[in-house]
Amino acid sequence: EKGGYDHFMLKEIFEQPQTIFDCLRGRLDAEQGHVVLSGIQKYATQISEAHRIIIIACGTSWHAGLLAEYIIEELCRIPVEVEYASEFRYRNPIVHKGDVIMAISQSGETADTLVAIEKAKEQGAIILGIVNVVGSSIARLSHTGVYTHAGPEIGVASTKAFTAQLAVIMMIALVIGKEKGTLSHDKYLQLIRELAEVPEKVKLILQQNDSIKALAEKYKDATDALYLGRGYNFPIALEGALKLKEISYIHAEGYPAAEMKHGPIALVTETLPVVFVATKDSYHEKVISNMQEIKARKGKIIAIITEGDLVSPTLADDVVILPPADEIIAPLLSTIPMQLLAYHIGVAKGYDVDKPRNLAKSVTVE
Ligand code: M6R
């Protein structure tokens, strides 16, 4: 049942070329140059005319939501707020009729997310579910939605469900951006082409499994770790830190790279690994200067970079090199090495990576 892999988590990480492909299949057509999401198209007018979108989720799904904010605001020019479901449900939030609420959930059963959308629905919001489990409570409560089609996820740490959420979010932004006219036709076509190339690129990244395992051996005894990224890679830094915490019990924090100067930089010593999500994008030069700041304080830098980047390797102790991609698509790639790093560190430390202590696959109580 683990398909020859030692753990479900590793199996699910390796399934991603297929699960991302399955998620895009029948929706994204690179040859014809269009994206069809019937659940979104049905509500296309309401969504593109919405004054704002509120995204509600927990944990890893919340990280997908944070990336959605960056992508939807850029491509669709609709204001987006991202809320932790547990906060939203208890704080008497302002919801107007016609607001679009996007609920993101792998299981579709997370109690806080479910109750939060129930309340928003009563207040007249349109509920759009991005859910993996077909027919789950959140899927049933939503007015419309898009399934992530990642297949059953057994490992407690979310991996393939997260990348499928990202793929869905990117497709939604393409459909709405096109509908609204905020996304040029050229950019629309370019992003479609690039999304279609993701499964093959993920395969290439997975071929680096052995070298990432070697990195895990090198850093497994760290007591703390910092994950830094900017822009589209900031949510990925948060997700990388969460994966490490869950699986290896190493204390890890994700931060926007520039925020580290406002506090966390005090933690940097020669024993602190700092993972930079530093793929080539419009923030890259800024990220490089953040790397220099860490290096000056002797932190150990592991940088996830794009092929052809000649500067980062001069600053980093270790690099993982990814194939090039548009900055909007790149998070689908940069998240893969972080999943593998957390996995191998957890295994090297002898932990049960499929069932980390204190965690349940879905949190159905608040
Ligand atoms: O099923 P959901 O996506 O609603 O679950 C949300 C979180 O409980 C979940 O992402 C959790 O953070 C995972 N353990 C992350 O690996």
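Residues numbered from 1 in each chain as written. Predicted model: local features only at pLDDT ≥ 70, side-chain atom pairs only at ≥ 80, totals over all residues. Heavy atoms only, no water.

### Describing the pairing of strand 10 (residues 273-278)
Consideration 1: Counting buried positions along strand 10 yields six of six residues, so the element is predominantly enclosed.
Consideration 2: Across the two faces of strand 10 the burial is the same, with Pro273, Val275 and Val277 and Val274, Phe276 and Ala278 all buried.
Consideration 3: Note that strand 8 (residues 224-229) and strand 10 share three bridges and pair parallel. The partner of leucine 226 across the bridge, within strand 10, is valine 274.
Consideration 4: The sheet contact formed by strand 10 and strand 11 (residues 300-306) spans six bridges and is parallel. Across the sheet, alanine 278 pairs through a bridge with isoleucine 305, a residue of strand 11.
Consideration 5: Each parallel crossover has a hand, and the one from strand 10 via helix 13 (residues 284-296) to strand 11 is right-handed. (Buried < 20%, exposed > 50% of the residue type's maximum accessible area, 1.4 Å probe, protein only. Helix = DSSP H or I, 4+ residues; strand = E, 2+ residues; numbered from the N terminus. Pairing = 2+ DSSP bridges. Right-handed = clockwise from strand over helix to strand, strands pointing away.)

### Some words on the pattern of salt bridges
Consideration 1: A full pass over the atoms with the stated rule returns 17 salt bridges.
Consideration 2: With a closest N to O distance of 3.8 Å, lysine 220 and aspartate 221 form a salt bridge.
Consideration 3: The exposure class of lysine 220 is buried, given its relative accessible area of 19%.
Consideration 4: Taking the relative accessible area as the measure of exposure, aspartate 221 reaches 60% and is therefore exposed. (Salt bridge = Lys/Arg side-chain N within 4 Å of Asp/Glu carboxyl O.)

### Brief notes about the site of the ligand
Consideration 1: Residues in close proximity to the ligand total 13 residues, the closest being Ser61, Ser105, Gln106, Thr110 and Glu246.
Consideration 2: The separation between an oxygen atom of the ligand and a polar side-chain atom of serine 61 is 2.6 Å.
Consideration 3: At 2.8 Å from an oxygen atom of the ligand is found a main-chain nitrogen or oxygen belonging to serine 158.
Consideration 4: Calculation on the ligand without its partners gives an accessible area of 410 Å², and the protein chains cover 91% of this total.
Consideration 5: For the shell around the ligand, the elements supplying multiple residues, two or more each, are helix 5 (59-76) and helix 12 (234-248).
Consideration 6: Among the elements that take part in the shell around the ligand, helix 5 stands out by supplying three residues, more than any other. (Near = heavy atom within 4 Å. Polar contact = N/O pair within 3.5 Å; in protein donor to acceptor, adjacent residues only side chain to side chain. Areas by Shrake-Rupley, 256 points an atom, 1.4 Å probe, with all protein chains shown as cover.)

### Considerations on unusual backbone geometry
Consideration 1: For arginine 77, which is not glycine, the phi dihedral falls at a positive 55 degrees.
Consideration 2: Following the sequence through the fold, arginine 77 ends up in the loop between helix 5 and strand 4 (80-84).
Consideration 3: For arginine 77, a relative accessible area of 55% corresponds to the exposed category.
Consideration 4: Even without being a glycine, tyrosine 249 presents a positive backbone phi close to 60 degrees.
Consideration 5: Structurally, tyrosine 249 can be placed in the loop between helix 12 and strand 9 (251-256).

### Description of the sheet that holds strand 7 (residues 144-147)
Consideration 1: Taken together, five strands build an open sheet; the order of strands is 4-3-5-6-7 and the sheet is parallel. Two strands in the sheet have a free side with no partner beyond their single neighbour: strand 4 and strand 7. Sheet twist, expressed as the average angle between the axes of neighbouring strands with direction ignored, equals 20 degrees.
Consideration 2: As defined by bridge partners, strand 3 (residues 53-57) adjoins strand 4 across five bridges and the pair is classed as parallel. Bridging across to strand 4, isoleucine 56 finds its partner in glutamate 83.
Consideration 3: Contacts from helix 5 reach strand 3, strand 4 and strand 5 (100-105) within the one sheet, and its direction differs from that of strand 4 by about 170 degrees. (Axes fitted to C-alpha atoms, helices over the stretch in contact; angles between N-to-C directions. Contact = heavy atoms within 4.5 Å.)

### Remarks on the sheet that holds strand 11
Consideration 1: Ordered in space as 9-8-10-11-12, the five strands form an open sheet in which the pairing is parallel. Unpaired on one side and paired on the other, strand 9 and strand 12 (318-322) mark the two borders of the sheet. Recorded for the sheet is a direction-independent mean angle of 15 degrees between the axes of neighbouring strands.
Consideration 2: For strand 11 and strand 12, the ladder comprises five bridges, and the chain directions are parallel. Residue isoleucine 304 lies in a different strand from strand 12, and its bridge partner there is valine 320.
Consideration 3: Its contacts with the sheet place helix 13 against strand 8, strand 10 and strand 11, and it is angled at close to 170 degrees to strand 10.

### Examining the side chain of aspartate 99
Consideration 1: Tracing the chain through its elements places aspartate 99 in the loop between helix 6 (85-90) and strand 5.
Consideration 2: Looking at aspartate 99, the relative accessible area reads 2%, which means it is buried.
Consideration 3: A polar atom in the side chain of aspartate 99 sits 3.2 Å from the side chain of arginine 52.

### Looking at helix 12
Consideration 1: Spanning 15 residues, helix 12 covers 21 Å between terminal C-alpha atoms, matching the ideal 21 Å at 1.5 Å per step.
Consideration 2: Of all 15 residues that make up helix 12, 13 are buried, and the element is covered over most of its length.
Consideration 3: Remark: tyrosine 249 follows helix 12 within two positions and exhibits a positive phi of approximately 60 degrees. (Expected span 1.5 Å × (residues − 1).)

### Points about the pairing of strand 8
Consideration 1: The element strand 8 is extensively covered by neighbouring structure, given that five of its six residues are classed as buried.
Consideration 2: Sheet topology places strand 8 next to strand 9; six bridges connect them, and they run parallel. What sits directly across from leucine 226, in strand 9, is glutamate 253.
Consideration 3: Crossover strand 8 to strand 9 through helix 12 is right-handed.

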